[in-house]
Amino acid sequence: MSETSNTLTRLKKLHDVDAKIYRLEKKLNQYFPRKIAERQAVVDAVRAKYDAKNKELVDRQKQVDSLELDLKSREAEIEKMQVQLNTVKTNADYQAFTGKIAEAKADNSRLEEQILEIMDGLEGIRAERSAREADVKKAEEEFGKEKAELDAEAAEYREDLDEVRGTREAALADIPSEALDAYNRILAKGSGSAMAAVRGRICQGCQLEITMHDLTRILNGSELVVCRHCSHILYPEDRQQVSN
Ligand SMILES: [Zn+2]
């Protein structure tokens, strides 16, 4: 077995460890946060419906309060006019005053009707708000359960990750520093992998064909060969070819 074949076999073992680490980290850093955010969005949407209904209720109640205030001041106005009515001297003034009072009273009746109409509607809105409130409670309970399940699942992945990370040190042993540097440099590019298998003459990292010359170099095992397209260190998919 040539020195380079040995190195390639060891790099491949490190690559397997790093591939597992990458997969587990991705699951922990992307899958779980995304799942939780999706579930949270469901709760938020249900709560937004409750908030809208609640705002509608508050706005209507404010409208009633303001109309009632208006009604009170108009009633005070009418009382004042009725007192003034006792002091008018002429019949014409008396007629004019009673006319104004009757008009004001009619306005108030309309205002009262308007207030009653809004208040009638309040009951329905209040009932809808209660229903939305129950929806929020239910959604929050479901979210709590789902999140607990996801957290438990993630904890298992985290344990696996710690375990695999623990094996990395051993996988580094006896890899020449030059090869390890090259490996780490490629890994640092962030694709999650520094190596790619060659199946036939196709690089499995980029699905492009490598040259016959490169394939021969890989099979000879006399040097590390890097894919000219995707820069991964290449190894024959059939590992027998390397280790024997
Ligand atoms: Zn490639």
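Residues numbered from 1 in each chain as written. Predicted model: local features only at pLDDT ≥ 70, side-chain atom pairs only at ≥ 80, totals over all residues. Heavy atoms only, no water.

### Side note on the packing of helix 1 (residues 3–85) against helix 2 (residues 91–172)
One way to put it is that helix 1 packs onto helix 2 with a least axis distance of 6 Å and a crossing angle of 165°. When the axes of helix 1 and helix 2 are compared, the pair comes out roughly antiparallel. As for the relative orientation of helix 1 and helix 2, their crossing is left-handed in sense. Considering only residue class, the contact of helix 1 with helix 2 consists of 37 nonpolar, 10 polar and 35 charged. (Axes fitted to C-alpha atoms, helices over the stretch in contact; angles between N-to-C directions. Helix = DSSP H or I, 4+ residues; strand = E, 2+ residues; numbered from the N terminus. Parallel < 35°, antiparallel > 145°, perpendicular 65-115°, else oblique. Left-handed = near helix turned anticlockwise from the far one by under 90°. Nonpolar A, V, L, I, M, F, W, Y, C, P; charged D, E, K, R; others polar.)

### Digging into the packing of aromatic side chains
Here the structure, examined in full by the defined rule, presents two aromatic pairs. Consider the rings of Tyr31 and Phe32, whose centres lie 5.0 Å apart with planes at 80°: the pair is edge-to-face. Counting every residue linked through ring pairs, the aromatic cluster contains Tyr31, Phe32 and Tyr157. Here the guanidinium or amino end of Lys27 rests over the ring plane of Tyr31, the centre of that ring lying 4.1 Å away. Just above the ring of Phe97 sits the side chain of Lys100; from NZ or CZ to the centre is 5.6 Å. (Phe/Tyr/Trp six-rings, centres within 6.5 Å; stacked < 30°, edge-to-face > 60°. Lys NZ or Arg CZ within 6 Å of the ring centre and 35° of its normal.)

### Things to note about the domain arrangement of the chain
You can read the domains of the chain as domain 1 (21–170) and domain 2 (177–243). Its C-alpha centre places domain 1 at a distance of 62 Å from the equivalent point of domain 2. (Domains from an automatic or database assignment.)

### Some remarks on the nonpolar core
Leu11, Leu14, Ile175, Tyr183, Met195 and Ile233 are the most contacted members of the largest nonpolar core, which has 27 residues in total. Elements represented by at least two residues in this core include exactly helix 1, helix 2, helix 3 (177–187), strand 1 (195–199) and strand 3 (233–236). Residue contributions to this core peak at 10 residues, all from helix 1. Two domains each provide a minimum of three residues to this core, namely domain 1 (21–170) and domain 2 (177–243). Apart from residues no more than four positions distant in its own chain, Ile233 is found in contact with Leu8, Leu11, Tyr183, Ile186, Ala194, Met195, Ala196, Leu224, Val225 and Val226. (Core = buried A, V, L, I, M, F, W, Y, C linked by side-chain atoms within 4.5 Å. Buried < 20%, exposed > 50% of the residue type's maximum accessible area, 1.4 Å probe, protein only. Contact = heavy atoms within 4.5 Å.)

### Quick look at the coordination of the zinc ion
Coordination of the zinc ion by the protein involves Cys203 (SG), Cys206 (SG), Cys227 (SG) and Cys230 (SG), with metal-donor separations of 2.3 Å. Binding-site remark: the zinc ion is held by donors from one chain whose sequence spacing is C-x2-C-x20-C-x2-C. Of this pair, Cys206 sits in the loop between strand 2 (202–203) and helix 4 (212–220) while Cys227 sits in the loop between helix 4 and strand 3, and the two are 21 residues apart along the sequence. By relative accessible area, Cys227 is classed as buried at 2%. (Donors = N, O, S within 2.8 Å, 3.2 Å for Na, K, Ca; no water.)

### Examining the packing of helix 1 against helix 3
Look at helix 1 against helix 3: their axes get within 11 Å of each other, and the N-to-C directions meet at 30°. Helix 3 is crossed by helix 1, and the crossing has right-handed handedness. Together, Thr7, Leu11, Leu14, His15 and Asp18 of helix 1 and Ala179, Leu180, Tyr183 and Leu187 of helix 3 make up the contact between the two elements. A class-by-class count of the residues in the contact of helix 1 with helix 3 yields six nonpolar, two polar and one charged.

### Observations regarding a negative patch on the surface
A contiguous patch of negative charge, built from Glu149, Glu153, Glu156, Glu159, Asp160, Asp162 and Glu163, is present on the exposed surface. Relative to the helices and strands, Glu153 resides in helix 2. Using a relative accessible area of 31% as the deciding quantity, one classes Glu153 as partly exposed. (Patch = residues over 30% accessible without salt bridge, like charges linked within 9 Å, V, L, I, M, F, W, Y side chains within 5 Å. Areas by Shrake-Rupley, 256 points an atom, 1.4 Å probe, with all protein chains shown as cover. Salt bridge = Lys/Arg side-chain N within 4 Å of Asp/Glu carboxyl O. Lys, Arg positive; Asp, Glu negative; His and termini not counted. Charge placed at Lys NZ, Arg CZ, Asp CG, Glu CD.)

### Brief notes about the layout of surface pockets
Approximately 170 Å³ is the volume attributed to the largest pocket. What lines the largest pocket is Thr4, Thr7, Pro176, Glu178, Ala179, Ala182, Glu223, Leu224 and Val226. Elements supplying a minimum of two residues to the lining of the largest pocket: helix 1 and helix 3. In terms of residue count, the dominant contributor to the lining of the largest pocket is helix 3 (three residues). The class makeup of the residues in the lining of the largest pocket is five nonpolar, two polar and two charged. (1 Å grid on protein atoms, 1.4 Å probe; cavity = no way out; pocket = protein on both sides within 12 Å on 5 of 7 lines; lining within 4 Å. Points joined across faces, edges and corners; volume = space filled by probe spheres on them.)

### Things to note about the pairing of strand 1
Burial of strand 1 is extensive: four of the five residues sit out of reach of the surface. Looking at chain direction, strand 1 and strand 3 are connected through four bridges and run parallel. Bridge pairing in strand 3 places Ala197 opposite Tyr235. The sheet contact formed by strand 1 and strand 2 spans two bridges and is antiparallel. Bridge pairing links Val198 to Cys203 in strand 2. What sits between strand 1 and strand 2 in their antiparallel hairpin is a turn of two residues, with Gly200 showing a positive phi close to 65°. (Pairing = 2+ DSSP bridges.)

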